[in-house]
Amino acid sequence: IMDDEKGQIGPDFSLQHYIENQRQFSYPLSKNPIQLKVLFHAGTASHLAETPLSNSQILTTQDDGRILLEADVIHTLELEWWLQGFGLNVEVLEPLPLRNQFKELALGLMNYYK
């Protein structure tokens, strides 16, 4: 990546490739991908068709109008923060440990705002 003699970035360096493949900026919580299943409110999920979360992403409209996102992704803090940013417009279904983490977060917030 770096030209050690000059302290400069080499000509073949791509920041996008580095971010996607080295994951140095995403704080990975596991080495292996997880099978993420998340329900989004329809309006919230509209951007996911244009900018997929991963190459394996599948979007399926449910009977209640919500959109089920299924994707194999690396579990990172960035992923958790991204999901939390949707607030009540997202429901984590799987993996179960991540769902339970969001449930605990919601209960903790509820206690703060009684």
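A brief structural summary. Residues take numbers from 1 onward in each chain, read along the sequence in its written order. Residues qualify for local features only when their pLDDT is at least 70, as the model is predicted, and side-chain atom pairs are given and counted only at 80 or more; totals for whole chains, interfaces and linings, by contrast, use all residues. With hydrogens and water set aside, each side-chain value is computed from the structure's full complement of heavy atoms.

## Quick look at the pattern of salt bridges
Part 1: One side-chain nitrogen of Lys or Arg within 4 Å of one carboxyl oxygen of Asp or Glu is enough to make a salt bridge. Scanning the entire structure with this criterion turns up five salt bridges.
Part 2: Between glutamate 94 and lysine 37 there is a salt bridge, with its nearest N and O atoms 3.9 Å apart. Remark: lysine 37 occurs in strand β3 (residues 28–40) and glutamate 94 occurs in strand β6 (residues 90–94); sequence separation between them is 57 residues.
Part 3: Burial classes: relative accessible area under 20% of the type maximum marks a residue as buried, over 50% as exposed, and values in between as partly exposed (1.4 Å probe, protein chains only). We classify glutamate 94 as partly exposed; its relative accessible area is 35%.
Part 4: Taking relative accessible area as the criterion, lysine 37 reaches 27% and is therefore assigned partly exposed.
Part 5: Via salt bridges that share partners, Asp64, Arg66, Glu91 and Arg99 belong to a single interconnected network. Each helix corresponds to a stretch of at least 4 residues labelled H or I by DSSP, and each strand to a stretch of at least 2 residues labelled E; elements are numbered beginning at the N terminus.

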